[in-house]
Amino acid sequence: MSSADASKSNDSASEAVKPTNFLRQIIESDLDKGTYATRHWGGAPGDAQHHQSGQVDEAKIRTRFPPEPNGYLHVGHAKSICLNFGLARDFGGVCHLRFDDTNPEKEDQEYVDGIIDAVRWLGFDWKDADGHENLYFASNYFDFMYRCAVYLIEQGLAYVDEQSADEMKANRGDFTRPGVNSPFRDRSVAENLQRFADMKDGKLADGAAVLRAKIDMAAPNINLRDPAIYRVRHAEHHNTGNQWCIYPMYTFAHPIEDAYEHITHSICTLEFEDQRPFYDWLLNHLREGGLIDAPQPRQYEFSRLNLTYVITSKRKLKHLVDNQFVTGWDDPRMPTVVGLRRRGYTPESIRNFCERIGVTKDYAWIDYGTLDGCLREDLENKAHRAMVVLDPVKLELSNWAEVFGSAGHLEDCHLPALPHAAEGETVPERRFTLGREVWIEREDFAEVPPKGYKRLFPGNKVRLKGGYVIECTGAEKDADGNVTKVLATVVPDTKSGTPGADSVKVKAAITWVGVADGLQAEVRMYDRLFTDPQPDAGGKDFLSLLNPDSLKVVTAYVEPSLKAAQADDKFQFERFGYFVADRKDHRSDKPVFNKITGLKDSWGK
């Protein structure tokens, strides 16, 4: 999808009436009250003085999508992307893409590049009205974060704790008993400043000390029991190299990043709800100290996406990749954005899915069929039709030479590529030839037909779709009784689209591919990776729930129109569903197609 197409699509989406949700109501209320109307923007992230020197912010709101570059984005991130970028778009704001890269041990430039590509592919960008790209890295704020930490120490609001990790854990308490003050909690400001400087200067080993906020060790919310805000890590960072050996904890860095970028609405998933009191505590103190500008950001939480038959734990997804249960992060069975893209899902279908499931605070599972339904709706009038034979057996028309004067005669046939084109739209055609031999699906012949069977059996007539009516006369078998060839005769003057087409009535039309011009192709029949709708719930062993039939590879025959297929081109293979030319392995001389989804939900009730 080109950037122009994405922009056009987004413009159309913004003109549509959006279903309301509690986040939209909050933003609408803030705009009505002018909560952020007078705030200034310094043209880039900065402290209070920087923003106060700028102009009144033209962006009515500022949101952000803040991934940690420690893995590939998955479908849950897609919901957050669509939400944050979509709200900014709909309310005349700007959404920042910010890499929350405060953990040097797990982050990599590979993931940075992959995240940028995924957000753009979904149809979003981070430019403001002036064309300025709001792409930021939290690691570029380390100096300011350190300054904030020093301020807290100076105000008696933070201290260096040199207990062991086990001691801190034991002294933290639990939901039934309060925590115990650290023996280092009452150090003087001067001593804390010196020890924090020692941490920064590399004089302390990893794990030897942490900087903790001084709040209340008896707080009912355990997150307020003097949370750690800085730790020692002697590790090279992908952006700052070896400049730092102390790194901020996420709960400390996240609110500062929001304030530094002048975010208005900081939208998180519900697991961060208990962290909001610390978010507010920290920003309130930093605002009082003049480090950040008012009005400060507010955090709001929504329920994360729980999609059936999917796991979204980065750790577990990495286990699948590292142990070769899948072929990589972009394996079409993976719920990663790169996996969904390779599988054949479209940006439009994912955006529509995220819009359709809505935004709530309720914990609920979304049926995977909802995503497939959005894909079908998007491709129904876009994906060109094609005939394919997945389980081929040869059909021979024994009277072909008698009817057409030559055993080698090839009859030109055609069908519309899009049968439901809009009025006035030029309908492309698929052209192929019918000859003495064609490939048909093995299931389309039954020597002894079951009740209600309407396809080929001795004495029955069917239509070869787009071609002639034929009458089955029998079959050839091998020594084991397996059918090796189906035999039939062609009924003259019954070609589709000719005056005699309706002269013989049949109850079925079957798909086929000509032996003369059909293409051999590899077709990868993908299905859901897990057999359990909630493979990651209740302490289940997710590896024991892997679907052994999640991938079947078949050698198929496809009609000649697919010779022009390019990687990422999507088709509806008639009767089988939607397929895509694999973006990695497909070549014109060796076509590879992936099954995206069937024509209906085979996992339905």
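Bear in mind that the values here come from a model prediction, so they are computed numbers and not experimental data.

Considering the sheet that holds strand 15 (residues 388-389)
Then step 1. The strand order 14-27-28-29-25-26-15 describes an open sheet built from seven strands, whose pairing is mixed. Every interior strand has two partners, whereas the edge strands, strand 14 (384-386) and strand 15, have only one.
Then step 2. Pairing analysis gives eight bridges linking strand 25 (residues 519-526) to strand 26 (residues 551-558), with the strands arranged antiparallel. Bridging across to strand 26, Val523 finds its partner in Val554.
Then step 3. Contacts from helix 14 (residues 368-379) reach strand 14, strand 27 (570-573), strand 28 (577-581) and strand 29 (592-597), with the element oriented near 120 degrees to strand 29.

With respect to the environment of Ala253
Then step 1. Here Ala253 is to be found in helix 9 (residues 250-260).
Then step 2. For Ala253, a relative accessible area of 0% translates into the label buried.
Then step 3. Sequence-wise, Ala253 and Phe579 are 326 residues apart; in three dimensions their C-alpha atoms are separated by 44 Å.
Then step 4. Among all residues touching Ala253, those that are not within four sequence positions of it are Thr102, Met145 and Pro248.

Some thoughts on the sheet that holds strand 6 (residues 158-161)
Then step 1. Across the sheet, four strands lie side by side as 6-7-8-9; this open sheet has antiparallel pairing. Each of the sheet's edge strands pairs with one partner strand only, and the pair in question is strand 6 and strand 9 (246-248). Each neighbouring strand pair of the sheet contributes to a mean axis angle of 20 degrees, computed without reference to strand direction.
Then step 2. The pairing of strand 8 (residues 228-232) with strand 9 spans three bridges and is classified as antiparallel. Looking at the pairing, Val232 lines up with Ile246 of strand 9.
Then step 3. Running at roughly 60 degrees to strand 6, helix 8 (residues 189-200) makes contact with strand 6, strand 7 (210-213), strand 8 and strand 9 of the sheet.

Points about the domain arrangement of the protein
Note: interface size is frequently given as the accessible area lost on complex formation between the parts.
Then step 1. Split by domain assignment, the protein resolves into domain 1 (146-248), domain 2 (314-383 + 522-598) and domain 3 (389-510).
Then step 2. Here the C-alpha centroids of domain 1 and domain 3 sit 76 Å apart.

Observations regarding the environment of Asn399
Then step 1. Within the fold, Asn399 resides in the loop between strand 16 (392-397) and helix 15 (400-404).
Then step 2. When the C-alpha positions of Asn399 and Ala488 are compared, they lie 8.2 Å apart, and in sequence the two are 89 residues distant.
Then step 3. In contact with Asn399, not counting residues within four places along its chain, are Thr489 and Val490.
Then step 4. Polar contacts involving the side chain of Asn399 include one to the main-chain amide nitrogen of Val490, which spans 2.8 Å.

Considerations on the pattern of salt bridges
For side chains bearing opposite charge, pairing can occur when the charged atoms are close.
Then step 1. Applying the stated criterion across every chain yields a total of 56 salt bridges.
Then step 2. For Arg233, the salt bridge identified is with Glu105, shortest N-O distance 3.4 Å. Placement of the pair is Arg233 in the loop between strand 8 and strand 9 and Glu105 in the loop between strand 4 (94-99) and helix 5 (109-121), with a sequence separation of 128 residues.
Then step 3. When its relative accessible area of 25% is taken as the criterion, Arg233 is described as partly exposed.
Then step 4. Of the residues examined, Glu105 reaches a relative accessible area of 52% and is grouped as exposed.
Then step 5. Between Arg524 and Asp582 there is a salt bridge, with its nearest N and O atoms 3.8 Å apart. A residue pair is termed long-range when its members are at least 10 positions apart, and Arg524 in strand 25 and Asp582 in the loop between strand 28 and strand 29 qualify at 58 residues. Exposure class is identical for Arg524 and Asp582. Each is buried.
Then step 6. Salt bridges linked by common partners bring Asp330, Arg342, Glu522, Arg524, Asp582, Lys584 and Asp585 together as one network.

Overview of the nonpolar core
Then step 1. Among the nonpolar cores identified, the biggest contains 44 residues, and Met145, Leu152, Phe196, Leu211, Tyr230, Phe252 and Leu286 are the most heavily contacted of them.
Then step 2. When contributions to this core are tallied by element, the ones reaching two or more residues are helix 6 (142-154), strand 6, helix 8, strand 7, strand 8, strand 9, helix 9 and helix 10 (276-288).
Then step 3. Those residues in contact with Met145, other than ones at most four positions away along the chain, are Ala138, Tyr230, Pro248, Phe252, Ala253, Ile256 and Glu257.

The rules behind these values
- Residues numbered from 1 in each chain as written.
- Predicted model: local features only at pLDDT ≥ 70, side-chain atom pairs only at ≥ 80, totals over all residues.
- Heavy atoms only, no water.
- Pairing = 2+ DSSP bridges.
- Helix = DSSP H or I, 4+ residues; strand = E, 2+ residues; numbered from the N terminus.
- Contact = heavy atoms within 4.5 Å.
- Axes fitted to C-alpha atoms, helices over the stretch in contact; angles between N-to-C directions.
- Buried < 20%, exposed > 50% of the residue type's maximum accessible area, 1.4 Å probe, protein only.
- Domains from an automatic or database assignment.
- Polar contact = N/O pair within 3.5 Å; in protein donor to acceptor, adjacent residues only side chain to side chain.
- Salt bridge = Lys/Arg side-chain N within 4 Å of Asp/Glu carboxyl O.
- Core = buried A, V, L, I, M, F, W, Y, C linked by side-chain atoms within 4.5 Å.

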